[in-house]
Amino acid sequence: MRYEMAEKLEQPRLDQAWKTYSAAFDELRAATVERNVLYRHEFDVVMLDKRIEKHFAVDPAHDEVVALATFTNALDALTWLSPEYFAARWPDQFAKKQIWYLGFFAIHPDYRHSGIFEQVISQMWRPIQAAGGVAALDICGVNISLGLAGAITRTLKDLTPAMVTEEIDVQTYWAFSLDAPA
């Protein structure tokens, strides 16, 4: 596997990345209340935004993108984030741009459990470790139940035993209905 990082993705990598992203997240479309999957036009905007790093794995046998993660310390580049939250919570790191956010991490289903996850997480962790910074991300309930938070924690603990994990926010969804539950 070949691991790369780019400021932006253009053709043919853009279409390859979309294919992997769609395959990786297709099951979330109907499994989560909040939309966890970008539309193609939103995906393209992110892929062209130089403030957001694109970390990806390429299968050299097919020269295809098989995993893709977005990562940035320009918190205002991600429209759903509140930079003010991070500034209040970690003022020193925020002022020094030492807070990074992982927007998403998509691995094509055919390449899950191949070691790509650990390799890409390790690649993204290096600047945080060097700066004494903070990494944050959101994980939907479906992925929590699949063990994603634990997998990230184990990977980072292997790299940095003193690393501390904490849940920093939670959002739940409620429904009120006159119908009996299905």
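Residues numbered from 1 in each chain as written. Predicted model: local features only at pLDDT ≥ 70, side-chain atom pairs only at ≥ 80, totals over all residues. Heavy atoms only, no water.

### A look at the packing of helix α1 (residues 13-25) against helix α2 (residues 40-48)
Right, on to step 1. With their axes 11 Å apart at the nearest point, α1 and α2 run at an angle of 125° to one another. Taken together, the axes of α1 and α2 are oblique relative to one another. Crossing of α1 against α2: the hand is right-handed. Contact residues: α1 offers Leu14, Asp15, Ala17, Trp18 and Tyr21, while α2 offers Arg40, Phe43, Asp44 and Met47.
Right, on to step 2. Grouping the amino acids of the contact of α1 with α2 by side-chain chemistry returns six nonpolar, no polar and three charged. (Axes fitted to C-alpha atoms, helices over the stretch in contact; angles between N-to-C directions. Helix = DSSP H or I, 4+ residues; strand = E, 2+ residues; numbered from the N terminus. Parallel < 35°, antiparallel > 145°, perpendicular 65-115°, else oblique. Left-handed = near helix turned anticlockwise from the far one by under 90°. Contact = heavy atoms within 4.5 Å. Nonpolar A, V, L, I, M, F, W, Y, C, P; charged D, E, K, R; others polar.)

### Observations regarding the pattern of salt bridges
Side chains that differ in sign of charge can pair as their charged atoms come close.
Right, on to step 1. Taken as a whole and assessed by the stated rule, the structure comprises 10 salt bridges.
Right, on to step 2. Put simply, Arg35 and Glu42 hold a salt bridge, and the shortest N to O gap is 2.8 Å.
Right, on to step 3. Residue classification places Arg35 among the partly exposed residues on the basis of a relative accessible area of 43%.
Right, on to step 4. Bridged by salt links that share partners, the residues Arg2, Glu4, Arg13 and Asp63 form one connected network. (Salt bridge = Lys/Arg side-chain N within 4 Å of Asp/Glu carboxyl O. Buried < 20%, exposed > 50% of the residue type's maximum accessible area, 1.4 Å probe, protein only.)

### Examining the nonpolar core
Soluble globular proteins tend to pack their nonpolar side chains together in the buried interior.
Right, on to step 1. Of all hydrophobic cores here, the largest spans 33 residues; its most connected members are Tyr21, Phe43, Met47, Leu68, Phe86 and Phe104.
Right, on to step 2. Looking at this core, the elements that each hand over two or more residues are α1, α2, β2 (53-59), β3 (64-72), β4 (99-107) and β5 (134-136).
Right, on to step 3. Counting residues per element, this core draws most heavily on α1, at six residues.
Right, on to step 4. Residues in contact with Met47, not counting those within four places in the same chain, are Glu7, Lys8, Leu9, Leu14, Lys54, Leu68, Thr70 and Phe104.
Right, on to step 5. Of all hydrophobic cores here, the second largest spans 20 residues; its members include Val66, Phe105, Phe117 and Met163. (Core = buried A, V, L, I, M, F, W, Y, C linked by side-chain atoms within 4.5 Å.)

### Examining the environment of Val58
Right, on to step 1. Relative to the helices and strands, Val58 is located in strand β2.
Right, on to step 2. Taking the C-alpha atoms as reference, Val58 lies 11 Å from Thr20; in sequence the two are 38 residues apart.
Right, on to step 3. If near-sequence neighbours (up to four positions away) are discounted, Val58 is found in contact with Met1, Arg2, Glu4, Arg13, Asp63, Glu64 and Val65.

### Comments concerning the packing of aromatic side chains
Right, on to step 1. If you walk through the whole model with that rule in mind, you get 11 aromatic pairs.
Right, on to step 2. Judged by centre distance (4.9 Å) and plane angle (80°), the rings of Tyr21 and Phe25 are edge-to-face. Taken together, the residues Tyr21 and Phe25, both in helix α1 and four residues apart, mark about one turn of the helix.
Right, on to step 3. Residue class for Tyr21 comes out buried when judged on its relative accessible area of 1%.
Right, on to step 4. Note on Phe86 and Trp90: the rings are 6.2 Å apart at their centroids and 20° apart in plane angle, and the pair reads as stacked. Both residues of the pair, Phe86 and Trp90, count as buried. (Phe/Tyr/Trp six-rings, centres within 6.5 Å; stacked < 30°, edge-to-face > 60°.)

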